[in-house]
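# Topology and contacts: notes
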Amino acid sequence: MHPVTESILFLARSLDRGGAERQLVVLANGLARRGHAVAVAVFFGGGAYESELAGTGVRVIHLGKKDRWDILPFLYRLVRLLRKERPAVLHSYLGVPNILAAALKPLLSGSRIVWGVRASNMDLARYDWLSRLAYVLERRLARLAHRIIANSRAGKHHAIANGFPVDRIVVIPNGIDTDCFRPSPEGRQRVRAEWGLGDHEILVGLVGRLDPMKDHPVFLKAASHIARERPDVRFVCVGGGPADYAEGLKQHAAALSLTNQLIWVGARDDMPAVYSALDIASSSSSYGEGFSNTIAEAMACGVPCVVTDVGDSALIVGDTGSVVPPGDYDALAVAIGRLIDRPDKERLVLGEVCRARVVSEFDVDRLIQRTEEALGLV
């Protein structure tokens, strides 16, 4: 079936670094290549991923929100934009944009309202009152969306359990740009040299923002168990986050005597090279994951993964990696240790299998085609 070209307006908080934002950019570019008129409206401009939309035909519209409490002037600008654009599809991403898309539905007769939900089993007790209130509103307004796209089976089940309408939800796994995310021998050499790693050292990495849902303490405890037995193994945490939370994690790592074997790295723009520098990737999330981009991206770069059984992580790795219970740092350490003990050639072969799985199951073309179907564009 050939797509029916229509106008699509995405609504998101920002295009800063993050898994949902990465997917929005991939999707917007892919839909634009298919001939659709695509625009992305963001509350806060200047996000790191905005440059990836430059020259693609996708318009980026800044709504100029100043802060959390800039409400009425922001809403005025948003309403004015929607009346001007009148898109065939308004596709919102995550909580507050979803709420606004549903609340402003009366202004958009003829537009299809499509929500994007990206997480599962969120522990809202760990977040502030405004985040908890937003989720209550999202649950109550869910029936106003024409379609709700979850990026994981776990996310769909969680949404249904919380009152989202089962007949409106479709699962579309994330798409990975495997032309971008691929093994890079040059990148591996460059990044490992930057981090002071020798050829004989094995590097185990956790890529993800510094957030309680990623459960860095479990990874750090597993790393400390391994480090006591294997001085040739190094560990790296890649990702940014609040300064006070980051400092607490670093103090925790120091208390575990990990200082000499652990590298802390902020957010990076050269992620294919960063993944390629790893020998093993890990995800220690305890809740909240839907479809983990970092797992699939690492696999696309030929890196075998050890993950906790949260969201669709087990589905992503399939039989190419190891899956352990969330919160069990002993099990995580054992599973990582088994991969460390495998000969280098075996890990390389396993990495090739990992990449093949992502290419066959989670490529960008599948994402675009499935989204066109869900948006009613075919």
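So, a few notes on the structure that sits alongside this text. (Residues numbered from 1 in each chain as written. Predicted model: local features only at pLDDT ≥ 70, side-chain atom pairs only at ≥ 80, totals over all residues. Heavy atoms only, no water.)

## Describing the layout of surface pockets
There is about 590 Å³ of room inside the second largest pocket. If you go around the second largest pocket, you meet 25 residues; those closest to its centre are R188, S276, L278, D279 and L348. Listed by contribution, the elements that provide at least two residues to the lining of the second largest pocket are α6 (185-194) and α13 (344-361). With 6 residues, the top contributor of residues to the lining of the second largest pocket is α13. Partitioned by chemical class, the residues of the lining of the second largest pocket number 10 nonpolar, 6 polar and 9 charged. (1 Å grid on protein atoms, 1.4 Å probe; cavity = no way out; pocket = protein on both sides within 12 Å on 5 of 7 lines; lining within 4 Å. Points joined across faces, edges and corners; volume = space filled by probe spheres on them. Helix = DSSP H or I, 4+ residues; strand = E, 2+ residues; numbered from the N terminus. Nonpolar A, V, L, I, M, F, W, Y, C, P; charged D, E, K, R; others polar.)

## Some points on the packing of helix α10 (residues 293-300) against α13
Two quantities define a packed helix pair, namely the angle between the helix axes and the distance between the axes. The geometry of α10 relative to α13 is characterised by a closest axis approach of 7 Å and an angle of 120° between their N-to-C directions. Classified by the interaxial angle, the pair formed by α10 and α13 is oblique. Counting all contacts with α10, which are made through A296, M299 and A300, the residues of α13 involved are G351, C354, R355, R357 and V358. A per-class count over the contact of α10 with α13 returns 5 nonpolar, 1 polar and 2 charged. (Axes fitted to C-alpha atoms, helices over the stretch in contact; angles between N-to-C directions. Parallel < 35°, antiparallel > 145°, perpendicular 65-115°, else oblique. Contact = heavy atoms within 4.5 Å.)

## Overview of the nonpolar core
Membership of the largest hydrophobic core comes to 60 residues, with the highest contact counts inside it found for W195 and F235. W195 has contacts with L203, R234, V236, V238, I263, V265, R268, V274 and A277, leaving out every residue within four places of it along the chain. If you look at the next biggest cluster of nonpolar residues, it comprises 30 residues, including A32, Y93, I368 and L377. (Core = buried A, V, L, I, M, F, W, Y, C linked by side-chain atoms within 4.5 Å. Buried < 20%, exposed > 50% of the residue type's maximum accessible area, 1.4 Å probe, protein only.)

## Thoughts on the environment of N151
Within the element layout of this structure, N151 appears in the loop between β6 (147-150) and α5 (153-161). With a relative accessible area of 3%, N151 lands in the buried category. Separated by 128 residues in the primary sequence, N151 and Q23 have C-alpha atoms spaced 9.9 Å apart. Not counting the four nearest positions on each side in its chain, N151 is found in contact with V117, R118, V171, I172, P173, N174, G290 and F291. A distance of 3.2 Å separates polar atoms of two side chains, one belonging to N151 and the other to N174. (Polar contact = N/O pair within 3.5 Å; in protein donor to acceptor, adjacent residues only side chain to side chain.)

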